[in-house]
Every structure is written in structure tokens, then in C-alpha cells.
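# Structural characterization, general
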Number of protein chains: 2
Amino acid sequence: MPPRGWAPCMSLKVAVNGYGTIGKRVADAVRLQKDMTLVGVAKTKPGFEARRAMEKGYPVFLAGDGKKADFDAAGIPTAGTLQELLRSVDVVVDCTPEKVGAANKALYEEAKVAAVWQGGEKASVADRSFSALANYTSCLGARKVRVVSCNTTGLSRAAAVLRERFGVEHWEATLVRRAADPGESKRGPINGILPTMTLPSHHGPDVRTIFPDLPIATSAVVVPTTLMHVHVNHVRLSHPPSSGSDVMAAFRTTPRFVMFRASDRMEGTPQVIEWARDLGRSRNDVMENVLWEEGLKLEGSDLYFFQAIHQESIVVPENIDVLRAMFQLETDPRRSIERTDQALGILRVGA
Amino acid sequence: MPPRGWAPCMSLKVAVNGYGTIGKRVADAVRLQKDMTLVGVAKTKPGFEARRAMEKGYPVFLAGDGKKADFDAAGIPTAGTLQELLRSVDVVVDCTPEKVGAANKALYEEAKVAAVWQGGEKASVADRSFSALANYTSCLGARKVRVVSCNTTGLSRAAAVLRERFGVEHWEATLVRRAADPGESKRGPINGILPTMTLPSHHGPDVRTIFPDLPIATSAVVVPTTLMHVHVNHVRLSHPPSSGSDVMAAFRTTPRFVMFRASDRMEGTPQVIEWARDLGRSRNDVMENVLWEEGLKLEGSDLYFFQAIHQESIVVPENIDVLRAMFQLETDPRRSIERTDQALGILRVGA
């Protein structure tokens, strides 16, 4: 195990705790950054994902109640325990399941490492919540930060654009959520629609961890798909432009947005994912907010628009930016975003 | 074929043209009414549904370019042509696919029969659009009426309650629509979400064929389920009651609404349909607007509520009421609704 300080001095030493849907993507993304080093990943149980980490050359550490014997039996060598990993890094990105992250907080404090949590945790787990386009600079030098969830990231990115350019008087959003990720087999429904019975849903207050005064009300339903969420938005703008194409231009010229045309055989989320597959994107990830020209309409001050959000990957670039902000590797948000996006191959297709 | 006037004089003679999802249900429903007689159904092609009509004893007539030889080959005797059927009835309920209904208009006018169309047709096909709780009396004596679509019926019923009791200042609805009916095999998506790219969607204007001044804006997405649509509603009430339970009481005491509790293991549309199956409902039909106690929340004047709409059957009772209104078999909407619901076994579970 490399001792603390082993990596070149300009390279931030990063641990990833949890190697599921988010963790494996964050680990890959860290590896692609010139100013970061992935020291290791931690996992409680062996399996095909842990084996793939090994095959990629990522040192695998034992997390939680993980047993060395189980990993040995699976033919996956372990490099030590999570505690040992934490002693060799500057920061840990916690990608464990909801609530496990909060339980890990004491461990991170004990090891005196900075920590990043995911949006499944309550905002109170960290000192700040983060969304790169919205509040990067407010997290400069922070030691405990939560990257907001996929839905909140998608809404916050859009809010960053609309607030700054046109002002938001009122925002109404229905979140049509995917039931399970593609690699899951136990979640449902596979036929049916489940309303999320909390009204309004928790997503509005969660967006307000980023924009405290944003007048947004959200509702959610869960539907039988694995590909992406879709947000149905109706925003009343304070200072509407004269035409919807001005709003489109605002999105187009902002990083992490792509704009498609439905008439280009891009009818919905199946085609978006097929596009990502054709592009050769790793795991067909779509880290951008996806909008459609026909799916955006301005009527006076009323803006209607759809956006699709790839729940598995949209927070990955934000997990990189947050590290640069916390360690002040970059103080200008736009430059961090540019570096992240270049390393991850995020395009601006609509631009 | 019975000649015109064959049925007892108090019994309205009804033809059903089209015997698919809606037609077969309307035919069954007409048969269950004491003041109506089903003279026959018309269909263009034989198949298991036409055979079932025969088995039920419904005279089957040849519609459109349907060929007697095809029916003969399938062992389904035909009683004549649609034109002949039309000569023996007072009214035809057109349940043919979208746009075919409009094409049939000349035929109905030539036969001098009154006609009812479904919501797939444009409002202009008829003299009036109909929703029983909303505008029954305005259709008294009308000869050409369109029963609005499943989604519009669901919204109009809810609007009838909310407008009358509390006033509607603004209504925002997202329609989460089923991709296909259970008996269809060619429609999709089976994984993915398709935004309806018309913004706002056509449903708002369609509701205004019933309530011309209702300030409603709708958006829609299509999702991979066959069971029911779900409407996500946010309504700003003009004269809000002090508590959400007053709104619930308003729905509960109105026919064609059922109110479930999510905590009663009624999480979403799969359980609603299972409930209908357990109840022994014909084809597991749910002709009521389905609401949840936990899925209704009043915050000041802001009312949030979900409602599930069974796309296959919700318009069936309205197709009966419209006949009573047109022929003035009943001038009081509540009494027609009561007669229809009693005959169809529609409960008021939440009452």
C-alpha cells in the first residue's frame, strides 16, 4: 500500500468507498483526471464488479464488515482495510448505499480525511451541498461536502441557467422516475405506476440546499423503465426573453446540456441511450442534461420543457469538480468543469 | 334483423360500431341498462372479439369494408351491414379507431340516426362534447355528441368537483400515460420514457371543450405500462377549505371517485387493478377516478393530488349517460349517473 504522500505532489489522493453504480464510475472518472490519483476502492463483498476493479488495476480494500476470506475465495486480492486506505488519502468519496454513508462519517473524521457524500444522504451529513454550475465557489476549501442526487443535480443545473439569465418566479416539476437501474433485478414495478405519496416530493427542498430561495414545487411517480428519469417542467420566468430559441441558446451554451431534435428520430430516452452507445460512451453514460428542441416551449413568461436525466452517471462530473473545489485545485468553476468534461469526453452536442 | 321499433317503446335502440377496447365495453354496458336495447354491433374483421360478441348473443354486422366471406370462414354469422343496422336503431355509438369515427359521420347523417363519438375524434365531429358530472344538461336533446377521452374524462370529473366546491385559479397537470392497452402487442416503449413533444399538451384544450374557461395547462409523457394512466395535479384553489380532508370529502361524496389509502398496501396502479380483479369486476375495469388519501395534500390554497385513470373503461359510464341525455330518458344528471352506476356495479368505496 502506498504511504500517504506517495503520489506526485500536485495529484490529489482519492479513495472511493463503495463500488456500485456510482462508485465504479467515480473511480474511473478520478483515474482520468491529471490532477488526481485513485489510491484504491473499498467494497464489502466480492463479485463481478470487484473483480472488474481488480482487472483494471484498482487496489481493492475491505470495507465495513467485509471478510478477506470471501475475497480470497473469489480470487480477488485485497490491499488492506478501508481504515488503512483512509490513512493514505486526502479525501474519500463515499459511494455506499443510502444511510451507510452517514454511518461512515465517524470513520472519516477519525482518519482526518476530507469526505464527499452522495445525494442519498441527508444534507446534514456534510457542511455543504454541491452542484458545480450553481455553487462551486462556496465549497472552496470545504472538508465535508454532499454532491446532490441525480434528480437534484439535473434540476440544479437547469436552475443555474434559468435563474441567472431569466429569473425564476415559480417552478413546477413532475419527476417521472426510473424504477430500477439496468443492472438491478429485485426492484419494480415492471408494469404499473407508483405515485410517490409525499406531496410535494422531497426533491424541491433538496434543490433548495443549493438555491435556498428557489420557488420550486415537485411531485414524483415511479415508472417501469431502467434507462433515465424524465422531468416535466413548467417555469414562470421573471424576465422572459422574446422567444423560446433564446432559452434554448442559454442551455446550448452552458456545459453539461445537450439538445436533441425529436424529428431527428430522437423520440425519448431509448434513443438517447442508443446514441450514447453509438458514441462509444463508457457504459452508455449520458452525463449531460438532455433536452429536446420540440420539448421546449415558451408562451409569454411560461416556459415548458422536458429534460431526461441519466440516473447512473449524471453526478459523476460533479463528484470530480467537488474535489477540485474542496482542495482548491481550481478556483474558477468554469475551468474545473472544462477540465472534467474534457477528461470524461462530455460533449456539447447542441452547441 | 329486428325492424325499427321492435324493442319496447321505453327502450332506446342502440348500435355500437366498432368492437374493440371501448366498443365491447359499451355494448356490455348498454345491455345492462333497463332503458336501452343493444340492437347489434358492427365490426370490419372477424377474430376472437367478434366471436365473443357472437357467443354473447350480440348480432354482428359488417362495418366498413368488412367481408361477409371472412366472417363466414371464421364461423361468425353476420346479421347484415352497418347500413342495415343503422336503419334499426335510434342511435349509434361510434367506437371505431381515431379518425375512422369522423369518416363515418356522413353515413350516420344519411341514416338519420343520432350519433355518439369517442374522444379520439376532434371536438368538431359533433355539436357538443360531454362529461356526465360536468355538462349533462347542456346535451339534453342533442343529436351529435362526443364523449371526451379517458384522460379528459378523468380531468373533467375532478374539475367538476373542484370548480363547484372551491373554485380553480390555476391547474397544472402532468399526464403519465400508459404505452399500450393490455391486449396490444405492437405499441411501445417497453423500456423508456417518451415525452409528448407538444407543449402544453392537447389535453388542456380538450378539457376546455367541457369547461371553456378552466385555466389548466397539461404536459404528458408515455411510459412502459399497460394498466392505467396517472395524473399528477397541482391546483391553486380560489376558495380553499381549511384542510385537505375537506377536499377528500368532496371527492368521496361524488359518484365515480374511489379513495384508497397507500398504507393499505395500495401503492400504485398494480394494486388498483388487483383490487378490481378481486372484486370480480368485468375485465378488471375501474370506471372510477382513483385517488389516494396520502396522495392528496392541501398547503394553503395549493392542492396537490394524484389520480389514476383506467384508460380502457373510464369513459364507459359516460357513454351510457350521454344516451340518456340525448334522448331525455332522464333530465337529472345525478339520477342518470345513479342508474348507470347501479347497473354497472360502480361502487363508491371511499364513501
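In this text, all values refer to a predicted model and were calculated from it rather than measured experimentally. (Residues numbered from 1 in each chain as written. Chains lettered and ligands numbered in written order. Predicted model: local features only at pLDDT ≥ 70, side-chain atom pairs only at ≥ 80, totals over all residues. Heavy atoms only, no water.)

Within chain A, the secondary structure is distributed over 13 helices and 15 strands. Its C-alpha radius of gyration of 20 Å places chain A within 12% of the 20 Å reference for a compact globule of 351 residues. Counting only C-alpha atoms, chain A reaches 60 × 45 × 40 Å along its principal axes. Across the 351 residues in chain A, those meeting the buried criterion constitute 60%. Residue pairs in contact within chain A that sit at least 24 positions apart in sequence constitute 72% of those at least 6 positions apart. For chain A, the exposed area adds up to about 13,700 Å²; of that, 50% sits on carbon and sulfur atoms. The distance from the centre of the 44 positive side-chain charges to the centre of the 40 negative ones in chain A is 4 Å. (Helix = DSSP H or I, 4+ residues; strand = E, 2+ residues; numbered from the N terminus. Rg over C-alpha atoms; globule rule 2.2 N^0.38 Å. Buried < 20%, exposed > 50% of the residue type's maximum accessible area, 1.4 Å probe, protein only. Contact = heavy atoms within 4.5 Å. Areas by Shrake-Rupley, 256 points an atom, 1.4 Å probe, with all protein chains shown as cover. Lys, Arg positive; Asp, Glu negative; His and termini not counted. Charge placed at Lys NZ, Arg CZ, Asp CG, Glu CD.)

What follows is about the interface of chain B and chain A. Taken residue by residue, the interface counts 45 residues in chain B and 45 residues in chain A. Across the chain B to chain A interface the summed buried area is about 3,300 Å²; carbon plus sulfur atoms make up 69%. For chain B, the biggest contributors to the area lost against chain A are B:I193, B:M197 and B:L199; these three give 22% of the whole. Across the side of chain B that touches chain A, the residue classes tally to 25 nonpolar, 14 polar and six charged. (Buried area = accessible area lost by both parts, 1.4 Å probe. Nonpolar A, V, L, I, M, F, W, Y, C, P; charged D, E, K, R; others polar.)

Once that is clear, we can look at the domain arrangement of chain A. Residues and elements named next belong to chain A. Under the domain assignment, chain A is made up of domain 1 (12-148 + 315-344) and domain 2 (150-309). Summing both sides of the interface, domain 1 and domain 2 together bury roughly 1,700 Å²; the carbon and sulfur share of this comes to 55%. The three residues of domain 1 that bury the most area against domain 2 are R25, L133 and V148, which together make up 31% of that side's buried surface. Linking domain 1 with domain 2 are seven salt bridges. Measuring nitrogen to oxygen at the nearest pair gives 2.7 Å for the salt bridge that ties E318 to R157. Between domain 1 and domain 2 we count nine residue pairs in polar contact (both at pLDDT 80 or more) in total. For the side of domain 1 that touches domain 2, the elements supplying multiple residues, two or more each, are α1 (21-31), β6 (128-130), α7 (132-135), α12 (316-326) and α13 (333-344). Examining the composition of the side of domain 1 that touches domain 2, we find that five residues originate from one element, α13, more than from any other. Considering only residue class, the side of domain 1 that touches domain 2 consists of eleven nonpolar, five polar and nine charged. (Domains from an automatic or database assignment. Salt bridge = Lys/Arg side-chain N within 4 Å of Asp/Glu carboxyl O. Polar contact = N/O pair within 3.5 Å; in protein donor to acceptor, adjacent residues only side chain to side chain.)

Before going further, it helps to examine helix α10 (residues 244-252) of chain A. Residues and elements named next belong to chain A. When α10 is considered as a whole, its buried residues turn out to be G244, V247, M248, A250 and F251. Buried residues of α10, viewed axially, fall in a sector of 155 degrees; they line one side. Those residues of α10 hidden inside the fold are in contact with α8 (150-166), β12 (257-260), β13 (289-292), β14 (296-299) and β15 (302-309). (Arc of directions from axis to C-beta.)

Hydrogen bonds between backbone groups are what pair the strands of a sheet, and the pairing can be parallel or antiparallel. All names here are of chain A. Pairing in this open sheet of seven strands is parallel, and the strands run β3-β2-β1-β4-β5-β7-β6 from one edge to the other. Looking at which strands have only one partner, the edges of the open sheet turn out to be β3 (60-62) and β6. Across the sheet, the mean angle separating the axes of adjacent strands is 30 degrees when strand polarity is ignored. Note that strand β1 (residues 12-17) and strand β2 (residues 36-43) share six bridges and pair parallel. Its bridge partner being in β2, V16 is matched across the sheet by V41. Sheet strands in contact with α1 are β1, β2 and β4 (91-94), and its direction is about 160 degrees off that of β2. (Pairing = 2+ DSSP bridges. Axes fitted to C-alpha atoms, helices over the stretch in contact; angles between N-to-C directions.)

Bringing the pairing of strand β1 (residues 12-17) of chain B into the picture now. All names here are of chain B. For β1, the buried fraction is high: six of the six residues fall into the buried class. Handedness of the crossover is the feature at issue here: the chain leaves β1, passes through helix α1 (residues 21-31), returns alongside strand β2 (residues 36-43), and the resulting connection is right-handed. As paired strands, β1 and strand β4 (residues 91-94) are joined by four bridges and run parallel to one another. Bridge pairing links N17 to D94 in β4. (Right-handed = clockwise from strand over helix to strand, strands pointing away.)

Moving on: the relation of the copies chain B and chain A. Each copy superposes on the other: chain B lies on chain A with an RMSD of 0.0 Å after a rotation of 180 degrees and an axial shift of 0.0 Å. Both chain copies can therefore be described as sitting about a two-fold axis. The position closest to the rotation axis in chain B is occupied by the C-alpha of B:P224, lying 2.9 Å away. (Least-squares fit on C-alpha atoms with pLDDT ≥ 70 in both.)

A few words on empty space enclosed by the protein. Across all of its chains, the model carries two cavities of 30 Å³ or more by this definition. Of the voids in this model, the largest cavity is the one considered here, and its volume is about 70 Å³. Lining the largest cavity are 13 residues; nearest its centre among them are A:V232, A:H234, B:E172, B:T174 and B:S219. Contributing elements (two or more residues each) for the lining of the largest cavity: β8 (168-178) and β11 (229-237) of chain A together with β8 (168-178) and β10 (216-223) of chain B. Residue classes in the lining of the largest cavity are distributed as five nonpolar, six polar and two charged. The calculated volume of the second largest cavity comes to roughly 40 Å³. Around the second largest cavity, the lining residues are A:E172, A:A173, A:T174, A:S219, B:E172, B:A173, B:T174, B:V232, B:N233 and B:H234. Looking at the lining of the second largest cavity, the elements that each hand over two or more residues are β8 of chain A together with β8 and β11 (229-237) of chain B. (1 Å grid on protein atoms, 1.4 Å probe; cavity = no way out; pocket = protein on both sides within 12 Å on 5 of 7 lines; lining within 4 Å. Points joined across faces, edges and corners; volume = space filled by probe spheres on them.)

Our focus in this paragraph is the pattern of salt bridges. In a structure, side chains of opposite charge can pair up when their charged atoms sit close to one another. Residue and element names in this part refer to chain A. Scanning the entire structure with this criterion turns up 55 salt bridges over all chains. One salt bridge connects R256 with D321, and the closest N-O pair in it is separated by 2.7 Å. Highlighted residues: R256 in the loop between α10 and β12 and D321 in helix α12, separated in sequence by 65 residues. The pair R256 / D321 is uniform in exposure class, with both members buried. The salt bridge involving R277 is made with E274; its shortest N-O contact spans 2.8 Å. Taken as a pair, R277 and E274 lie in helix α11 (residues 269-278) at a separation of three residues, close to a single helical turn. Taking relative accessible area as the criterion, R277 reaches 52% and is therefore assigned exposed. The class of E274 is partly exposed, set by a relative accessible area of 36%.

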